[in-house]
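Coordinates in review
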Amino acid sequence: MGFARACSVALVGVEGVVVEVQADLEPGVAAFTLVGLPDKSLIESRDRVRAAVVNSGGEWPQKKLTVGLSPASVPKSGSGFDLAVACAVLGAAERIDPAAIADVVMIGELGLDGRVRPVRGVLPAVLAAAEAGYEQVVVPEQTAGEAALVPGVSVLGVRSLRQLVAVLCDEPVPEEPVEDRGRPDAMLAGLMIPGTGLGTGLAPAAGRGDGPRPDLADVAGQPRPRQALEVAAAGGHHLLFSGPPGAGKTMLAERLSSILPPLTRQESLEVTAVHSVAGILPPGEPLVARAPYCAPHHSATMQSLVGGGNGIPRPGAVSLAHRGVLFLDEAPEFSGKALDALRQPLESGHVVVARAAGVVRLPARFLMVLAANPCPCGRHTLTGAGCECPPSVVRRYQARLSGPLIDRVDLRVEVQPVDRADLLGQGGRGESTAAVAARVREARARAAERLAGTPWTTNSEVPGHELRTRLLVAPGALAAAERDLERGTLTARGLDRVLRVAWTVADLRGAERPDASDVAVALELRTGIQRGVPMGTGQR
């Protein structure tokens, strides 16, 4: 009787569980049994592994073979267990020393010819292996850069099963030719889910590479929305743009991610892990360094926004926008059920999806931008534009954005149509993305210094209790906000959010703490009521 074990990782959402792959050979009729809650693609690994071993020059054992995946209570899915199953079988057949693979985590799919194909979710799988105390990991060669992002782990990238067997047996490693036929590598197809390209609104175009990004200087006019965009980026505040069609709401929102600061190392690992599991991590770029941008269509379902799917829930748009921007264009056209599902992740920074197959906790700390027209035809706020929508239709259309959802939005700005002078460039170009991004970085640095030693890094994350007890504003600065609270035009949550925005406005102008004018600016950005204060965010 022969026995050997290797290790692999099962992904549950964006978290990994180390799985021990055990192979047992016993005398009897040749058979291959796979146990341990495998899904359809994992059951088919029996045929893939057998063909890969034989085509790699190995001998398949003609005995009763049982492969167990432990813990058996955790559902396993995907083809990433192939490499561990093959090595465990070869170890049980004494082709490989069982002691050489006992503490090695192996991730990869096997082709019938023995080539090792890349799979999704390598980064969270290696992170789980490192947290479990494993120090050696074998992955496909194409994903070795992604696995190497995890410190303290020795990564071996292999191109074929033959190479791995040679390394484990201390034999000369055979050379595997690289096919270069002038077309994309078919081996990389397993890293991308079909339909998640740039055109779907789910791929973070702003988070890829160092290519050109839209410039804020291209926006004609719109001084107030531009300043609201800067405040949103500096403090991580949610934003609502309302106005007629063609005023520039989408154009402004698309430029928000470009003025956000670069992701920190920890944030990059979080975002990369989510994108790797979701299948939108571009090959050759293992680490996402820029804030992602996600803009789902208004026909998106609740499951596509918060996560779901058959079996184990998969990341939704709120998780793909983690540490970045979630833009909901034509927000009233989204279903009410889908929009109200955003309330919990807006407050907590994560989403818990419960399905029959299990409960998954997915990260979802994003900056939400809503864009809405004032009525179905969009001309309700324009003088002499001929809006024919009845008042009841206008009220019903605007009520599609529920009060509890709007109460979680810190900045509400009306975008007016661009006049002729601004559109033709007679008023001069506005500030560029680089100039605004520099101020945003300085403001975030001030906030980070003030919040050092706390679990928060931006003003939007600070609880209201801290704002009212420890981080105090200037004396008398809250007089206007207190009057609005007494009149019922401002809720308790709204007061906390006004304080957060006031701190961000103060950080942008380099002040030690907010004064009455900063609070007035925050109130104006939240309520839209003119307060008679300048909206500039620089030095006053």
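Calculation notes
- Residues numbered from 1 in each chain as written.
- Predicted model: local features only at pLDDT ≥ 70, side-chain atom pairs only at ≥ 80, totals over all residues.
- Heavy atoms only, no water.
- Helix = DSSP H or I, 4+ residues; strand = E, 2+ residues; numbered from the N terminus.
- Buried < 20%, exposed > 50% of the residue type's maximum accessible area, 1.4 Å probe, protein only.
- Polar contact = N/O pair within 3.5 Å; in protein donor to acceptor, adjacent residues only side chain to side chain.
- Pairing = 2+ DSSP bridges.
- Expected span 1.5 Å × (residues − 1).
- Contact = heavy atoms within 4.5 Å.
- Axes fitted to C-alpha atoms, helices over the stretch in contact; angles between N-to-C directions.
- Parallel < 35°, antiparallel > 145°, perpendicular 65-115°, else oblique.
- Left-handed = near helix turned anticlockwise from the far one by under 90°.
- Nonpolar A, V, L, I, M, F, W, Y, C, P; charged D, E, K, R; others polar.
- Phe/Tyr/Trp six-rings, centres within 6.5 Å; stacked < 30°, edge-to-face > 60°.
- 1 Å grid on protein atoms, 1.4 Å probe; cavity = no way out; pocket = protein on both sides within 12 Å on 5 of 7 lines; lining within 4 Å.
- Points joined across faces, edges and corners; volume = space filled by probe spheres on them.

1. Some thoughts on the environment of E524
Its place among the elements puts E524 in helix α23 (residues 516-527). By relative accessible area, which is 3% here, E524 ends up buried. C-alpha separation for the pair E524 and R412, spaced 112 residues apart in sequence, amounts to 8.6 Å. Among the polar contacts listed, one links the side chain of E524 to the side chain of R224, at a separation of 2.5 Å.

2. Brief notes about the sheet that holds strand β10 (residues 239-242)
With parallel pairing, five strands are arranged side by side in an open sheet as β11-β12-β15-β10-β16. The two strands at the open ends of the sheet, each matched to only one other strand, are β11 (293-294) and β16 (411-414). Here β10 pairs with strand β15 (residues 367-372) via four bridges, running parallel. Following the sheet pairing, S242 is matched in β15 by A372.

3. Points about α23
Between its terminal C-alpha atoms α23 stretches 16 Å, which fits the 16 Å expected from 12 residues at 1.5 Å a residue. Burial of α23 is extensive: nine of the 12 residues sit out of reach of the surface. Within α23 the residues assigned to the buried category are D518, V519, A520, V521, A522, L523, E524, L525 and R526. Buried residues along α23 sit against α8 (223-235), α17 (403-407), β16, α21 (479-487) and α22 (492-508). Looking one or two places after α23, you find G528, whose phi comes out positive at around 80 degrees.

4. Things to note about the side chain of R497
With respect to the helices, strands and loops of the structure, R497 is situated in helix α22. By relative accessible area, R497 is classed as buried at 5%. Apart from the residues lying within four places of it in its own chain, the contact partners of R497 are H238, E347, D407, R408, D410 and R526.

5. Some remarks on the packing of helix α2 (residues 45-55) against helix α3 (residues 82-92)
In the contact formed by α2 and α3, the axes pass within 10 Å of each other and the chain directions differ by 60 degrees. Considering the angle they form, α2 stands oblique to α3. Of the two possible hands of crossing, α2 and α3 adopt the one that is right-handed. Residues S45, R48, V49 and V53 of α2 pack against D82, V85, A86 and L90 of α3. In terms of residue class, the contact of α2 with α3 is made up of five nonpolar, one polar and two charged.

6. Let's talk about the pairing of strand β1 (residues 2-12)
Bridge analysis of β1 against strand β2 (residues 15-26) gives 11 bridges, and the strand direction is antiparallel. Its bridge partner lying in β2, A10 is registered against V17. The antiparallel hairpin formed by β1 and β2 contains two residues in its connecting segment, where G13 sits at a positive phi of about 70 degrees.

7. Some points on the packing of aromatic side chains
Overall, the coordinates contain two aromatic pairs when judged by the stated rule. With 5.7 Å between their ring centres and 40 degrees between their planes, F32 and W60 make a pair best called tilted. Pair noted here: F32 is in strand β3 (residues 31-35) and W60 is in the loop between α2 and β4 (64-70), with a separation of 28 residues, a long-range link.

8. A short note on the layout of surface pockets
Computed from the structure, the largest pocket encloses a volume of approximately 790 Å³. What lines the largest pocket is a set of 30 residues, among which R323, R365, T458, S460 and E461 lie closest to the centre. Mapped by element, the contributors of at least two residues to the lining of the largest pocket are α15 (343-348), α19 (433-450) and α22. The biggest single contributor to the lining of the largest pocket is α15, with three residues. Considered as a void within the structure, the second largest pocket measures approximately 680 Å³ in volume.

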